[in-house]
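Overview (structure and organization)
The primary structure of each chain is shown beneath.
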Amino acid sequence: MTRAARLDGARVAWRHSLRFRLALIYTLLALAITSVMALGVMALLLRSMDRQFDARLNERADVIAERFSNPARSLGVGLPPVGYTALVSPDGTILQASSGLNLKAGEPFPYLSQSRVPLLGVPIRTVTRKAGDFGTLWVGLPEEDLINARESATRALLLALLVTPLLMLPVGLWAGRRALTGLGGAADLADRIDPTRSLATLPLPDREDEVHRLLAAINRLLVRIEAGQAREKQLLGQIVHELGAPLTVLKASLNRAAEHTGDPDVIRSALVADELTFTTQDLMQLARGQLEMKLVWHYIPARTLQGRLDRLVPGTAFQGDWAAGILCDPDRLTQALRNLLANARRAAGPDGTVTLTLTDTPEQVTFTVRDSGPGLPPDLGDRIFEPFVSGAGSSGLGLSVSRQIALAHGGNLAGGTAPGGGAQFTLTLPGAALNETDDEVSEELLDEPAILAR
């Protein structure tokens with residue numbers, strides 16, 4: 001997988017994480033609440049400012065109108081020299097006008113019926129009053145400050161709507177991380193559970209919250225799974241045990257009959273008995289599990305292993321350096337390689353070719369099994385090594401058991417389609433030089449004559 005693909009996968013996982021979704025919901029809710037509250041506050045503030053402006057304008061108009069309505073109570077009749085005021089006669093001509101209007105007496109007054117007037121780029125809000133017997137009083141007040149306040153409030157609201165998600169999303173991610181720490185730790189623990197190795201229960205947190213309930217439910221599920229696995233292994237072991245004894249007798253009888261008679265049908269029956277014997281061994285290995293596999297180490301000539309495999313899977317072509325020595329459990333390694341060769345023969349057919357190549361170095365021993373068959377199904381991938389998964393109609397146990405045996409030896413088993421076609425499996429074991437200091441192995445090397453006698 002490339003670095004870009006890993007980054008894309010991380011970004012997708014981050015976007016779909018519960019922490020991100022909670023933070024996003026938290027941010028959207030905060031943004032909605034902030035927007036509603038800010039809009040409400042701004043509306044109230046602007047309405048209050050508008051009322052204050054109208055009150056100021058009306059008060060100014062009332063004071064000036066009072067001069068014309070009650071001259072005796074005022075200092076005299078006349079308009080303020082500054083501002084935006086005008087006295088209009090009943091016929092619509094100007095009697096008096098302040099200097100800010102730039103209008104002369106006797107001219108028609110153009111703004112009498114307008115509540116808002118733009119004068120020299122300045123917005124003016126206006127009111128009118130009855131000016132006694134003189135006519136109509138027109139009073140205007142600039143709205144510039146009110147408009148600036150409205151624009152400032154709008155900019156502040158937009159800034160708040162922009163800053164709120166930028167602040168709330170990191171805060172939400174941080175809060176989500178703190179709140180979901182226990183859940184993340186529980187997920188990490190659950191992810192490390194390997195049913196083939198251990199089903200130990202997960203530690204429970206001290207606080208009995210949702211995480212505690214989740215882990216407790218997982219622990220109860222693990223207990224039920226472990227009990228079910230134990231029952232399955234026990235049943236499978238009993239079945240294999242019941243089959244093993246009669247198969248052993250049948251195999252020995254057929255082998256003796258084949259040696260004495262040479263009948264092809266008897267020989268084929270003996271091979272079928274061998275196949276069933278190895279199938280029961282695979283089932284027994286599956287029932288016991290990888291942890292229960294016990295290896296008996298011996299240092300044997302590769303020729304000994306070749307002879308065994310040649311008898312078990314006739315028609316195999318052996319290539320490479322078979323004069324080397326191999327440190328292994330001969331029975332287990334024979335079982336693993338025989339499974340690979342049997343699958344290869346089944347895929348290649350009676351007229352196809354199956355080759356087993358041995359490559360020996362001080363660091364590693366490599367067995368490569370190739371066949372002339374159609375190759376592995378591309379949709380299976382590494383699932384081909386799972387129990388009961390097969391691409392050739394077999395039981396699907398052989399490859400799983402062979403990989404277990406390789407791993408127990410400290411090696412590995414990998415498979416794929418060879419460049420020239422057909423399937424190719426590579427079983428690797430550590431070189432003998434890497435284990436020469438192992439005390440257990442060194443003691444069992446003394447039993448080499450015993451294994452050679454088998």
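By the naming in an unreviewed UniProt entry, the protein goes by histidine kinase and is assigned to Deinococcus enclensis. Per UniProt, the comment on the protein under Catalytic activity (unreviewed entry) is "ATP + protein L-histidine = ADP + protein N-phospho-L-histidine." Turning to the protein, the UniProt record has this under Subcellular location (unreviewed entry): "Membrane".

1. Some words on the overall build of the protein
Check the secondary structure of the protein and you find eleven helices and twelve strands. Relative to its 454 residues, the protein shows a buried fraction of 35%. In the protein, the proportion of contacts linking residues at least 24 apart, taken out of those at least 6 apart, comes to 59%. When the accessible surface of the protein is summed, it comes to about 26,400 Å², and 59% of that surface belongs to carbon and sulfur atoms.

2. Description of the packing of helix H7 (residues 302-312) against helix H8 (residues 330-348)
Close contact between H7 and H8 brings their axes to 10 Å; oriented N to C, the two are set at 45 degrees. Put simply, H7 runs oblique to H8. Once H7 is placed against H8, the crossing between them reads as right-handed. Counting all contacts with H7, which are made through Leu305, Arg308, Leu309 and Leu312, the residues of H8 involved are Pro330, Asp331, Leu333, Thr334, Leu337, Arg338 and Leu341.

3. Observations regarding the packing of H8 against helix H9 (residues 398-408)
Put simply, H8 and H9 touch, their axes get as near as 9 Å, and they point 145 degrees apart. In this structure, H8 crosses over H9, and the sense of that crossing is left-handed. On the side of H8, the interface is formed by Arg332, Leu333, Gln335, Ala336, Asn339, Leu340 and Asn343, while H9 contributes Gly398, Leu399, Val401, Ser402 and Ile405. The residue makeup of the contact of H8 with H9, split by class, is six nonpolar, five polar and one charged.

4. Description of a nonpolar patch on the surface
On the surface, a cluster of nonpolar side chains totalling about 490 Å² of accessible area is made up of Leu159, Leu162, Val163, Leu166 and Leu167. Topologically, Leu166 is positioned in helix H3 (residues 144-179).

5. Considering the sheet that holds strand S7 (residues 316-320)
Spatial strand order, S7-S9-S10-S12-S11: five strands in an open sheet with mixed pairing. The sheet is open, and its two edges are formed by S7 and strand S11 (412-417), each paired on a single side. Each strand of the sheet is rotated relative to its neighbour by a mean of 15 degrees, with strand direction disregarded. Relative to strand S10 (residues 364-371), strand S9 (residues 354-360) is paired through seven bridges, and the arrangement is antiparallel. Paired with Val354 across the bridge in S10 is Asp371. Contacts between H7 and the sheet are confined to S7, S9 and S10, with S7 contributing the most and set at about 165 degrees to the helix. H9 rests against S11 and strand S12 (423-430) of the sheet, and its axis sits at about 140 degrees to S11.

6. Concerning H9
Burial within H9 is extensive, with nine of its eleven residues counted as buried. Gly410 sits one or two positions beyond H9 and adopts a positive phi of about 90 degrees.

7. With respect to the pairing of strand S8 (residues 325-328)
A regular strand places its side chains so that they alternate between the two faces of the sheet. Here S8 shows a buried face lined by Gly325 and Leu327 and a second buried face lined by Ile326 and Cys328. Inspection of the sheet shows strand S6 (residues 298-301) paired to S8 by four bridges, in the antiparallel sense. Across the sheet, residue Pro301 finds its bridge partner in S8, namely Gly325.

8. Regarding the sheet that holds strand S2 (residues 94-97)
Read across the sheet, five strands follow the order S2-S1-S5-S4-S3 without closing on themselves; strand pairing throughout is antiparallel. A strand with exactly one partner marks an edge of an open sheet, and here the two such strands are S2 and strand S3 (116-119). Going from strand to strand, the sheet's axes swing by 25 degrees on average, the running direction of each strand aside. Sheet topology note: the strand S1 (residues 84-88)/strand S5 (residues 136-142) ladder contains five bridges and is antiparallel. Bridging from a neighbouring strand, Thr85 pairs with Val139 of S5.

Cut-off values and rules
- Residues numbered from 1 in each chain as written.
- Predicted model: local features only at pLDDT ≥ 70, side-chain atom pairs only at ≥ 80, totals over all residues.
- Heavy atoms only, no water.
- UniProt positions renumbered as here; feature names shortened; annotations may be inferred.
- Helix = DSSP H or I, 4+ residues; strand = E, 2+ residues; numbered from the N terminus.
- Buried < 20%, exposed > 50% of the residue type's maximum accessible area, 1.4 Å probe, protein only.
- Contact = heavy atoms within 4.5 Å.
- Areas by Shrake-Rupley, 256 points an atom, 1.4 Å probe, with all protein chains shown as cover.
- Axes fitted to C-alpha atoms, helices over the stretch in contact; angles between N-to-C directions.
- Parallel < 35°, antiparallel > 145°, perpendicular 65-115°, else oblique.
- Left-handed = near helix turned anticlockwise from the far one by under 90°.
- Nonpolar A, V, L, I, M, F, W, Y, C, P; charged D, E, K, R; others polar.
- Patch = residues over 30% accessible without salt bridge, like charges linked within 9 Å, V, L, I, M, F, W, Y side chains within 5 Å.
- Salt bridge = Lys/Arg side-chain N within 4 Å of Asp/Glu carboxyl O.
- Pairing = 2+ DSSP bridges.

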